[in-house]
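# Structural description and commentary
Listed here are the chains, written in short residue letters.
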Amino acid sequence: MRLLFVEGKEKEVLLDLARELPHPYWLLAGEGIWLLEVFGAGEEALAKARALPGVKVWAFTLEDGVVYRGCGKKSATSP
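Residues numbered from 1 in each chain as written. Predicted model: local features only at pLDDT ≥ 70, side-chain atom pairs only at ≥ 80, totals over all residues. Heavy atoms only, no water.

## Notes on the pattern of salt bridges
Under the defined criterion, the tally for this structure stands at 3 salt bridges. Note that E20 and K48 form a salt bridge whose closest N and O atoms lie 3.2 Å from each other. Note that E20 is positioned in helix α1 (residues 11–20) and K48 in helix α2 (residues 43–50), a separation of 28 residues in sequence. E44 serves as the salt-bridge partner of K48, at 3.5 Å between the closest nitrogen and oxygen. With K48 and E44 both in helix α2 and 4 residues apart, this pair spans about one turn of that helix. According to the relative accessible area criterion, K48 is partly exposed, its value standing at 29%. Classification of E44 by relative accessible area gives exposed; the value is 57%. (Salt bridge = Lys/Arg side-chain N within 4 Å of Asp/Glu carboxyl O. Helix = DSSP H or I, 4+ residues; strand = E, 2+ residues; numbered from the N terminus. Buried < 20%, exposed > 50% of the residue type's maximum accessible area, 1.4 Å probe, protein only.)

## Regarding the pairing of strand β3 (residues 34–39)
Sheet topology places strand β1 (residues 2–8) next to β3; 6 bridges connect them, and they run antiparallel. The partner of E7 across the bridge, within β3, is L35. With 5 bridges connecting them, strand β2 (residues 25–29) and β3 associate as antiparallel partners. In the sheet register, L27 faces β3, and the bridge partner there is L36. (Pairing = 2+ DSSP bridges.)

Take a look at the structure:
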């Protein structure tokens, strides 16, 4: 699976990109910047991101990870 990261200063530009794509995403807020993280992005998503003015783009292939491990205790938020 490929993960796409797009950093920019304009929240709406990143949200517009995210909403165009058929992939799950997270938008993270930092100090004066935004980071869009797109899961399962293909070549089309990468090309669209690179075409945006004023952003930095990185693409990574997921090598390992855990989606949900839990703490072993039932809570209001655990499945």
